[in-house]
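Chain and residue survey
Chain by chain, the residues:
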Amino acid sequence: IVWGVFWAYGMLLAARGSAAPIPWLDHLINRRLVQITGREATRLAYGLAVCAVLVVTLVNRVAPNRITEAPACLLYENVGGRYPRALFALGYFPTVLAARKHWGPGGVTLQPLTEETLRAALAHSVFVFVGSHGTEQGLLLETGYVAPADLRDAPRNPGLNYVYLAGCDSGARRREWEEALAPARVVTQDRLAPTVQHLWWLWHHGPRVIETLPKGSPAEE
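These numbers were taken from a predicted model, which means no experiment stands behind them.

1. Describing the sheet that holds strand E4 (residues 133–135)
Pairing is antiparallel across the open sheet formed by 3 strands, whose spatial order is E4-E5-E6. Two strands close off the open sheet at either side, each with one partner strand: E4 and strand E6 (144–146). Here the strands of the sheet are splayed against their neighbours by 40° on average, with no regard to which way each runs.

Put into structure tokens, the structure is as follows:
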């Protein structure tokens, strides 16, 4: 808002044909410390932008949409396509990379969350991360709620080992989720869970969890 005011004031001056300095701002930007800080901040921003492009490119290569059957499946709610896949590629990056390292090529997929992709993940994967909104009623998808009872009879991979449900208040029905998603260990949320909490899990805990999971099928184990 503050910068918007400065821009509007500057445009007004330009429209009047004036090159007068903007009060306070002109004095601020002439300070050497501010100039150095601004220059370094700009370099940092460009560097982060380049890193972000590289990370998104890497995630798109190791966890493409076209893979539907993988030991690790990470699902994200993109609110009807309003949020780009690249945004979730950045957030899910460490866990995606850990799954690729653990299971090799084709070992991880990153998919938009729908009831269809959720059922496919439960049917084929060992590790499933469900990045969804939720309430005590269940996981909130674009098409409505998915409750534990809706998945009780869904096809299930016998080797399903770990399911993380990011939906807020999913812990209110923890026992039902555990029964519906057995034999997996199910992580639920006992309160309103902020996005930063799930990002921390994906960056700090997710890769460690991946390392503990079996690499082969139940038969191979």
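Having seen the model, we can carry on.
2. With respect to the packing of aromatic side chains
Under the definition given, this model contains 9 aromatic pairs. Ring centres 5.3 Å apart and planes at 75° place the aromatic pair Tyr92 and Phe129 in the edge-to-face group. One end of the pair, Tyr92, is in helix H4 (residues 85–103); the other, Phe129, is in strand E3 (residues 127–131), and 37 residues separate them in sequence. Between Phe127 and Tyr162, the ring centres sit 5.9 Å apart and the planes meet at 20°, which makes this aromatic pair stacked. Here the residue Phe127 occupies a position in strand E3, and Tyr162 occupies one in strand E7 (residues 162–165), the gap between them amounting to 35 residues. A relative accessible area of 0% means that Phe127 is categorised as buried. With a relative accessible area of 6%, Tyr162 lands in the buried category. Each residue in the set Tyr76, Phe88, Tyr92, Phe127, Phe129, Tyr162, Tyr164 and Trp201 is aromatic and connected to the rest through ring pairs, giving one cluster.

Quick notes on the rules
Residues numbered from 1 in each chain as written. Predicted model: local features only at pLDDT ≥ 70, side-chain atom pairs only at ≥ 80, totals over all residues. Heavy atoms only, no water. Pairing = 2+ DSSP bridges. Helix = DSSP H or I, 4+ residues; strand = E, 2+ residues; numbered from the N terminus. Axes fitted to C-alpha atoms, helices over the stretch in contact; angles between N-to-C directions. Phe/Tyr/Trp six-rings, centres within 6.5 Å; stacked < 30°, edge-to-face > 60°. Buried < 20%, exposed > 50% of the residue type's maximum accessible area, 1.4 Å probe, protein only.

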